[in-house]
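These are the residues of each chain, in order.
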Amino acid sequence: MESPPCVSIFLVLCIFIQSSAHGQSLGLEPFGRRLRAAETMEASQETKTRFLLFEEERDKGCQIQLNHPDTLQQCGFNSSLPLVMIIHGWTESAQFSRSNVHLIGYSLGAHVSGFAGNYIGGKHKIGRITGLDAAGPLFEGSSPNDRLSPDDADFVDAIHTFTREHMGLSVGIKQPIAHYDFYPNGGYFQPGCHFLELYKHITKHGLTAITQTIKCSHERSVHLFIDSLLHPSLQSTAYQCGDMDSFSQGLCLSCKRGRRCNTLGYHARRGPQSRKSKRLFLATRAQSPFKVYHYQFKIQFINQLEKPVEPTFTMTLLGTKEENQKITITLDEEIASNKTYSFLITLDLDIGELVMIKFKWENGSVWTNVWNTVQTIIPWSRGPLYSGLVVNTIKVKAGETQQRMAFCSENMDGQQLPQTQEKTFVRCDINSQKLKRKIR
């Protein structure tokens, strides 16, 4: 008869004590201090959590000290033996309400958190579970009982950051798995994580740069959640939308009294309970703070040229906070005739209320630009000097403030848009009901 295999049992005693019994608050500040202390690896902090190592021939556990790896050796830890980790929770005798529990799981840990919530069951569920780019392989397309799902807690939110497929598999799960599923930048891939950014990662991480680049998008979910704690005044707003294509056109910035929008991260709001997941999209920066400001632009172009054009435009946006940002836009399709284009523009800075737009058509051959300039200076005929693009009113909607605006040409020289010449548009009055209806 074979003897049972030797194992090391790592017992983690997580004792949840009701804060009111000690007159202490469960606010965010202590959590933030513990997070910073762990990151800087400073002196061991006081904690009521005990880590005990048990072995087959030992009745009492040997305590492992945080940030003191030498205690592993002192307790006789044997890395060649299998390791079993037992994580204790709370007991009913502690009188701790499950509704006060918030489980946060990253990658595979997101599904583990879901299994924990599902296993507890009973009349009262865990208060909240947050899944940070929950693992995709073996979980994509599985039933709710086999992955994180809205049934596992009173409120479940998930952040998807790396759902791009490779050989039919994605690191992060693509399908909705929560009450609110957030897809930053579409959820496929994250800015600043491309292999073209490898040289920046080498400067920061050295020899581990390749590993850091590969897992960059997957880990971005963690950094986005932490960012919501570190920057309470820069919360990122996400907007409910059917797909990323519609969102990129700026068609989903309507909040409808807050029911179609939510906040990414710790401060996500619980909405009316529904079995159907809500998919929310947003854009972010490549580094912290990640917040950007979303705008929908609707511009009607009239093409007076004899052939379609593939224009590139630059716009300088000026706001009441005396900040301005210059952006470049290249339309995905040619302008062949009269058409209204809608697209999303994001700004890294809060420029306040938008008051002026400087618009410039950059595209066109060099000789065409020279000829247009010569015609402007020396008119060769009495006929019209211009034949090109015409821009009517520019309509704008700010996602964060839900404000709708219209901009008209500052000068009374018509709506023509000469190539390489900047044209200024200022706020103008349009029937508010008409504007509201057209910019949806």
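Not measured: the values here are computed from a predicted model.

> Can you walk me through the overall build of the chain in this structure?
A tally of helices and strands in the chain yields nine helices and 22 strands. Burial statistics for the chain: of 440 residues in total, 40% are counted as buried. Taking contacts inside the chain between residues at least 6 apart in sequence as the whole, the part at least 24 apart equals 72%. If you sum the accessible surface of the chain, you get close to 25400 Å²; carbon and sulfur atoms cover 54% of it.

> What exactly am I supposed to notice about the sheet that holds strand 10 (residues 180-184) here?
Taken together, the seven strands give an open sheet; going across it, the order is 5-6-7-10-13-11-12, and neighbouring strands pair in mixed fashion. The open sheet terminates on both sides in strands that have one partner only, identified here as strand 5 (102-106) and strand 12 (261-263). Averaged over all pairs of adjacent strands, the angle between their axes in this sheet comes to 25°, without regard to strand direction. Sheet topology places strand 10 next to strand 13 (residues 278-282); five bridges connect them, and they run parallel. Each bridged residue has a counterpart across the sheet, and for Phe182 the counterpart in strand 13 is Leu280. Together, strand 5 and strand 6 (128-132) form the strand contacts of helix 3 (residues 108-120), whose direction differs from that of strand 5 by roughly 145°. Most of the contacts of helix 6 (residues 216-230) go to strand 5, to which it runs at about 150°, and overall it touches strand 5, strand 6, strand 7 (155-159) and strand 10.

> Sorry if this is basic, but what is going on with the state of the cysteines here?
In protein chemistry, a disulfide is the covalent bond that joins the sulfur atoms of two cysteines. By the definition in use, this model includes five disulfides. Residue Cys193 pairs covalently with Cys216 via a disulfide, S to S 2.0 Å. The S-S bond linking Cys193 to Cys216 shows a torsion near -60°; that makes this disulfide left-handed. A residue pair is termed long-range when its members are at least 10 positions apart, and Cys193 in the loop between strand 10 and helix 4 (198-205) and Cys216 in helix 6 qualify at 23 residues. With a relative accessible area of 1%, Cys193 lands in the buried category. One disulfide bridge connects Cys241 with Cys252, the sulfur atoms lying 1.9 Å from each other. On the criterion of sequence distance, the pair formed by Cys241 in the loop between strand 11 (237-240) and helix 7 (244-248) and Cys252 in the loop between helix 7 and strand 12 is long-range, its members being eleven residues apart. Relative accessible area serves as the criterion here: at 7%, Cys241 is assigned to the buried category. By sequence-ordered numbering of the bonded cysteines, the chain has its disulfides arranged as 1-2, 3-4, 5-6, 7-8, 9-10.

> I would appreciate a short explanation of the pairing of strand 5 in the present structure.
The side chains of a regular strand alternate, first on one face of the sheet and then on the other. Where strand 5 and strand 6 come together, five bridges link them in parallel fashion. Counted as the bridge partner of His102 is Arg128 from strand 6. In this view, the connection linking strand 5 to its parallel neighbour strand 6 by way of helix 3 has right-handed handedness.

> Looking at this model, I keep getting lost on the environment of Phe343. Mind explaining?
By the secondary structure assignment, Phe343 is in strand 17 (residues 339-347). Residue Phe343 is classed as buried on the basis of its relative accessible area, which comes to 11%. Through-space distance from the C-alpha of Phe343 to that of Leu251 is 7.8 Å; in sequence the pair is 92 residues apart. When sequence neighbours within four positions are dropped, the list of residues in contact with Phe343 reads Ser248, Gln249, Gly250, Tyr295, Gln296, Phe297, Ile299, Met315, Ile329 and Leu331.

> Explanation requested: the packing of aromatic side chains in the structure shown.
Two numbers describe a pair of aromatic rings. These are the distance of the centres and the angle of the planes. Tallying each qualifying case throughout the model produces eleven aromatic pairs. Through a chain of ring-to-ring contacts, three or more aromatic side chains come together here, namely Phe301, Phe313, Tyr341, Phe359 and Phe425. Sitting over the ring of Tyr266, Arg128 keeps its end group 5.9 Å from the ring centre. One residue, Arg279, lies across the ring of Tyr183, its end atom 5.0 Å from the ring centre.

> What should I look at first to understand helix 3 in this one?
Counting along an α-helix, one turn takes 3.6 residues, and residues three or four places apart therefore face a common direction. Given a rise of 1.5 Å per residue, 13 residues ought to cover 18 Å, and the 19 Å separating the end C-alpha atoms of helix 3 matches this to within 8%. Buried within helix 3 are the following residues: Ala110, His111, Ser113, Gly114 and Gly117. The arc that holds every buried residue of helix 3, seen down its axis, measures 155°, which confines them to one face. The elements touched by buried residues of helix 3 are strand 5 and strand 6.

> When you look at the confidence of the model for the chain in this model, what are you seeing that I'm missing?
Note: predicted coordinates in regions of low pLDDT should not be interpreted at a detailed level. Across the chain, the average pLDDT comes to 79, with 72% of residues at or above 70. Here helix 1 (residues 28-40) stands out as the least confident element of the chain, with mean pLDDT 42; strand 10 is the most confident, with 98. Below pLDDT 50 for its whole length, residues 1-5 participates in zero contacts with residues either more than four positions away or in separate chains. Residue range residues 7-44 is modelled with pLDDT below 50. Its contacts to residues more than four positions away, or to other chains, number 73 contacts.

How each quantity is defined
- Residues numbered from 1 in each chain as written.
- Predicted model: local features only at pLDDT ≥ 70, side-chain atom pairs only at ≥ 80, totals over all residues.
- Heavy atoms only, no water.
- Helix = DSSP H or I, 4+ residues; strand = E, 2+ residues; numbered from the N terminus.
- Buried < 20%, exposed > 50% of the residue type's maximum accessible area, 1.4 Å probe, protein only.
- Contact = heavy atoms within 4.5 Å.
- Areas by Shrake-Rupley, 256 points an atom, 1.4 Å probe, with all protein chains shown as cover.
- Pairing = 2+ DSSP bridges.
- Axes fitted to C-alpha atoms, helices over the stretch in contact; angles between N-to-C directions.
- Disulfide = S-S within 2.5 Å.
- Right-handed = clockwise from strand over helix to strand, strands pointing away.
- Phe/Tyr/Trp six-rings, centres within 6.5 Å; stacked < 30°, edge-to-face > 60°.
- Lys NZ or Arg CZ within 6 Å of the ring centre and 35° of its normal.
- Expected span 1.5 Å × (residues − 1).
- Arc of directions from axis to C-beta.
- pLDDT = per-residue confidence, 0-100.

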